[in-house]
Amino acid sequence: MVSSGQLEIALPGLGPDVPDLTSYRWIVANVSAGKDSMAMLAELMLHATAAGVVDRIVVVHADLGDAEWDGTRDLAAEHAAAYGLRFEIVARTGSGLLDRIEERGMFPSADNRWCTSDFKRGPVRRLITALVREAEAAGHVGPVRILNVMGLRAEESPARRKLLAFTHDGSWTCPCAECQRRQRKAKWYKARKLPVPKHANPGWGASNTLRYVDTWLPVHSWSTTEVWTAVWASGLRVHPAYAAGMPRLSCVFCVLASRSALVRAAQLQPELAARYALVEAKTGHRFRLDVSMAEIIAEAEASPEVAAVACWEG
Ligand code: SF4
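Parameters at a glance
Sequence positions are assigned chain by chain, starting from 1 and proceeding in written order. Selection of residues for local features in this predicted model requires a pLDDT of at least 70, selection of side-chain atom pairs for listing and counting requires 80 or more, and totals for whole chains, interfaces and linings are taken over all residues. Hydrogens and waters are ignored; side-chain quantities use all the structure's heavy atoms. A pair of Phe, Tyr and Trp rings is counted when the ring centres sit within 6.5 Å of each other, with Trp represented by its six-membered ring. The angle between the planes then sorts it: under 30 degrees is stacked, over 60 is edge-to-face, the rest tilted. We count a stretch as a helix when DSSP gives it H or I for four or more residues in a row; a strand needs E for two or more, and each element gets its number in order from the N terminus. Residue burial is assigned from relative accessible area. The probe radius is 1.4 Å, only protein chains are included, and a residue is buried under 20% of its type maximum, exposed over 50%, and partly exposed in between. Among buried residues, those of type Ala, Val, Leu, Ile, Met, Phe, Trp, Tyr and Cys that are joined through side-chain atoms within 4.5 Å constitute a nonpolar core. Residue contacts are counted whenever heavy atoms from the two residues lie within 4.5 Å of one another. In this text, near means that some heavy atom of the residue lies within 4 Å of the molecule or strand in question. By the convention adopted, Pro, Cys, Tyr, Trp, Phe, Met, Ile, Leu, Val and Ala count as nonpolar, Lys, Arg, Asp and Glu as charged, and the other residues, Gly among them, as polar.

On to the packing of aromatic side chains. Inspection of every chain in the model, using the stated rule, returns 8 aromatic pairs. An angle of 35° between the planes, with centres 5.9 Å apart, marks the rings of Trp172 and Trp204 as tilted. Note that Trp172 is positioned in the loop between strand 6 (166–168) and helix 6 (177–191) and Trp204 in the loop between helix 6 and strand 7 (211–216), a separation of 32 residues in sequence. Of the residues examined, Trp172 reaches a relative accessible area of 22% and is grouped as partly exposed.

Rendered as structure tokens:
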């Protein structure tokens, strides 16, 4: 058990770094089309090819519409096609991110990342539900084992450094032994009206009675240099935002981005920056406590060129 409360379990089968890919019915590769996703996909392909389970991989891109850099969705599809993999786009039903910010009257923040849960995790879970149904329709009996694979890396932020490379995506409705043990403990605390500590909380993960879901971060320990080496070796096309100076490919204006990255993004996408500033003015809520979009725009206009763009902070 770790401080994040993630469910640490022994990797089944193949040793310390790679789960037994043959034990999963589906391998869901979450891609942003950015460099970490590209490295993750290359690494996953190596292991899935060796295990003979490439046909179980489903590449998924959570589409954030005009909050993303132009061409992101097509590039994600291009990467999946280069490996001959099935590709799915998922998106939140209803308004896009910027409209949703206006509806809610607030921007997401490092402490309240409703953008990720609403626009990425939720839609990917709906795909997982559809994949379970697909497996059942094909004759699968019992909980469907699914491996959720992501390109998160420890170097990216203090929060990501705390993550484990392999965890069970446990929940209050998962019938596995570890989740049941946690459910019993959690009920003990609840019965006494005590807060449930992290080590006793089964979590709000994707597992339930119909599916057993684990999460794997194959490039979690990789350095940025190792990532770029894998990206160049893959021979796949890289998003032009990197050549323009962006250190990461995410939402153009990510609430977790460094100030210099936001300023560079405002130089590259002034119209989108102006739309964010308008939402800021309408809602009376700043883009971020430490910096408003209006300040970012002013800085972008005053700086002819941002020489060094720092990576993300959150
Ligand atoms: S990239 Fe940043 S703003 Fe966009 S969904 Fe992720 S955390 Fe939220």
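Turning our attention to the nonpolar core. Grouped together as the largest cluster of nonpolar side chains are 69 residues, with contacts concentrated most on Ile27, Ile57, Leu97, Phe253, Tyr276, Phe287 and Met293. Per-element tally for this core: the top contributor is helix 1 (residues 35–51), with 7 residues. Leave out the neighbours within four places in its chain, and Ile27 touches Leu21, Leu44, Val53, Arg56, Ile57, Val58, Leu147 and Val149. With 16 residues, the next largest nonpolar core counts Ala62, Val90, Ile128 and Ala206 among its residues.

Contacts to the ligand come from Leu64, Arg113, Cys115, Thr116, Lys120, Ser250, Cys251, Cys254 and Val255. Residue composition of the shell around the ligand, grouped by class: 5 nonpolar, 2 polar and 2 charged.

Scope: geometric values only; no functional claims are made or implied.
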